[in-house]
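# Structure assessment
Residue-level listing of the chains:
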Amino acid sequence: RAVDLYKRAFADSDQLADDWSHELGTQLTWADRPAEAIPWFERRLEAWPVDIDARLGLARALSWTDQLEEAWFQYRIVYYIDEGNLVARRGEARMLAWMDQLEESQERYDAILEDHPGDVETRIEHAQVINWRGEHFRAARLYEEILQDDPGNPQAMVGLAQALRW
C-alpha cells in the first residue's frame, strides 16, 4: 500500500518525487521489487548526488538484481563521501566476495574489523569469506568465537555448521 501512496503523491509533483523518491525505492526494495526501485533511487541521486541513504539503497537494489559491479561502484562512492561508513565498507567487501574476489574481500573485512572488532555482522561475513576460500577450520573457529560472544546467533550457528560439514 505504501508504494501506491507514494506513486499517487508523486503523480502531480515532480518536486515531491525528487525529494522522496528514495523512500519509494526503499519500499520497493524491501518488497522484493528491487528492479523497480533502481530508477527511483537514481532519480533521487540526480537531484541530490551526495544522498548517502539513497546511494546505499541503490547499491542494495543493484546487488539484489545481480548487478554486482554497479553495486560495488555505488558502495565505493559512499566510501569516498564518508570513509567511516560501515555499511558502505561492508557492502564493498560483500560485493567483492559475490564477484568471487575472495582475497580482496577478505582484506577489506580484515580492515573493517581492525576498526570495528566487535561488529557481529562483519565478523559473520568475514568468517563466511574465509569458509568460501576453503579455510574451513579457521572459519569454524571464527564462528565459534562469535557464538561465545553471541550464543544464540542463528547466522553464526548456520555458518559453523557449514564450516564443519567439510
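The residue count restarts for each chain, going from 1 along the sequence in the order it is written. The predicted nature of this model means local features are confined to residues of pLDDT at least 70 and side-chain atom pairs, given and counted, to a pLDDT of 80 or more, with totals for whole chains, interfaces and linings taken over all residues. The basis for the side-chain values is all heavy atoms of the structure; hydrogens and waters are excluded.

### Some thoughts on the overall build of the protein chain
Stated formally: Strands are runs of DSSP state E lasting at least two residues, helices are runs of H or I lasting at least four, and both sets are numbered from the N terminus onward. Type-normalised accessible area, obtained with a 1.4 Å probe on protein chains alone, sets the label of each residue: buried when under 20%, exposed when over 50%, and partly exposed for intermediate values. When charges are counted, Lys and Arg are positive and Asp and Glu negative, with His and the chain ends excluded. In this description, the location of a charge corresponds to atom NZ of lysine, CZ of arginine, CG of aspartate or CD of glutamate.
A tally of regular secondary structure across the protein chain gives 10 helices and 0 strands. Put simply, the protein chain runs from its N terminus to its C terminus through helices and strands in the order α-α-α-α-α-α-α-α-α-α. Overall, the protein chain is about 60 × 35 × 25 Å in size when its C-alpha atoms are taken along their principal axes. Looking at the protein chain residue by residue over its 166 residues, the buried ones come to 43%. Averaging the positions of the 18 positive and the 33 negative side-chain charges in the protein chain gives two centres separated by 3 Å.

### Describing the pattern of salt bridges
Quick note on the threshold: Whenever a carboxyl oxygen of Asp or Glu lies within 4 Å of a side-chain nitrogen of Lys or Arg, that contact is scored as a salt bridge.
Scanning all chains against the criterion turns up 14 salt bridges. Taking the shortest distance from any N to any O, the salt bridge between Asp14 and Arg43 comes out at 3.5 Å. Pair noted here: Asp14 is in helix H2 (residues 14–30) and Arg43 is in helix H3 (residues 34–47), with a separation of 29 residues, a long-range link. For Asp14, a relative accessible area of 55% corresponds to the exposed category. Residue class for Arg43 comes out partly exposed when judged on its relative accessible area of 25%. A salt bridge links Asp149 to Arg123; its shortest N-O distance comes to 2.9 Å. Taken as a pair, Asp149 in helix H9 (residues 136–149) and Arg123 in helix H8 (residues 120–132) lie far apart in primary sequence, 26 residues in all. Residues joined in a network through salt bridges with shared partners are Arg90, Arg94, Asp119, Glu121 and Glu125.

### A short note on H2
Each α-helix turn comprises 3.6 residues. Residues three or four places apart therefore point the same way. The test is simple: The span you would expect from a helix comes to 1.5 Å times its residue count less one. Bend is computed residue by residue as the angle between axes fitted to the seven residues ending at the residue and the seven residues starting at it. Contacts: residue pairs with any heavy atoms within 4.5 Å of one another.
Taking 1.5 Å of rise per residue, the 17 residues of H2 would be expected to cover 24 Å, and the 24 Å separating its terminal C-alpha atoms lies within 8% of that figure. Of all bends in H2, the biggest is about 60°, found at Trp20. What H2 keeps buried is the set Ala17, Ser21, His22, Leu24, Gly25, Leu28 and Thr29. Close packing links the buried residues of H2 with helix H1 (2–10), H3 and helix H4 (52–64). Phi turns positive one or two residues past the end of H2, at Asp32, with a value near 60°.

### Details of the packing of H4 against helix H5 (residues 68–81)
Here is the rule we go by: A fitted line through C-alpha atoms serves as each axis, taken over the contacting stretch for helices, and the angle formed by two N-to-C directions is quoted from 0 to 180°. The scheme is simple: roughly parallel for angles under 35 degrees, roughly antiparallel for over 145, roughly perpendicular for 65 to 115, oblique for anything else. Each crossing is labelled by how the near helix is turned from the far one, with a counterclockwise turn of less than a right angle marking it left-handed and a clockwise turn marking it right-handed. Residues are grouped as follows: Ala, Val, Leu, Ile, Met, Phe, Trp, Tyr, Cys and Pro are nonpolar; Asp, Glu, Lys and Arg are charged; all remaining types, including Gly, are polar.
At a minimum axis distance of 7 Å, the contact between H4 and H5 shows a crossing angle of 160°. Considering their axes alone, H4 and H5 lie roughly antiparallel with respect to each other. Classified by chirality, the crossing of H5 by H4 is left-handed. Across the interface between the two elements, Ile52, Arg55, Leu56, Leu58, Ala59, Arg60, Leu62 and Ser63 of H4 pack against Leu68, Glu70, Ala71, Gln74, Tyr75, Ile77, Val78 and Ile81 of H5. Of the residues in the contact of H4 with H5, the class split is 11 nonpolar, 2 polar and 3 charged.

Read these as layout, nothing more, since geometry by itself doesn't imply function.
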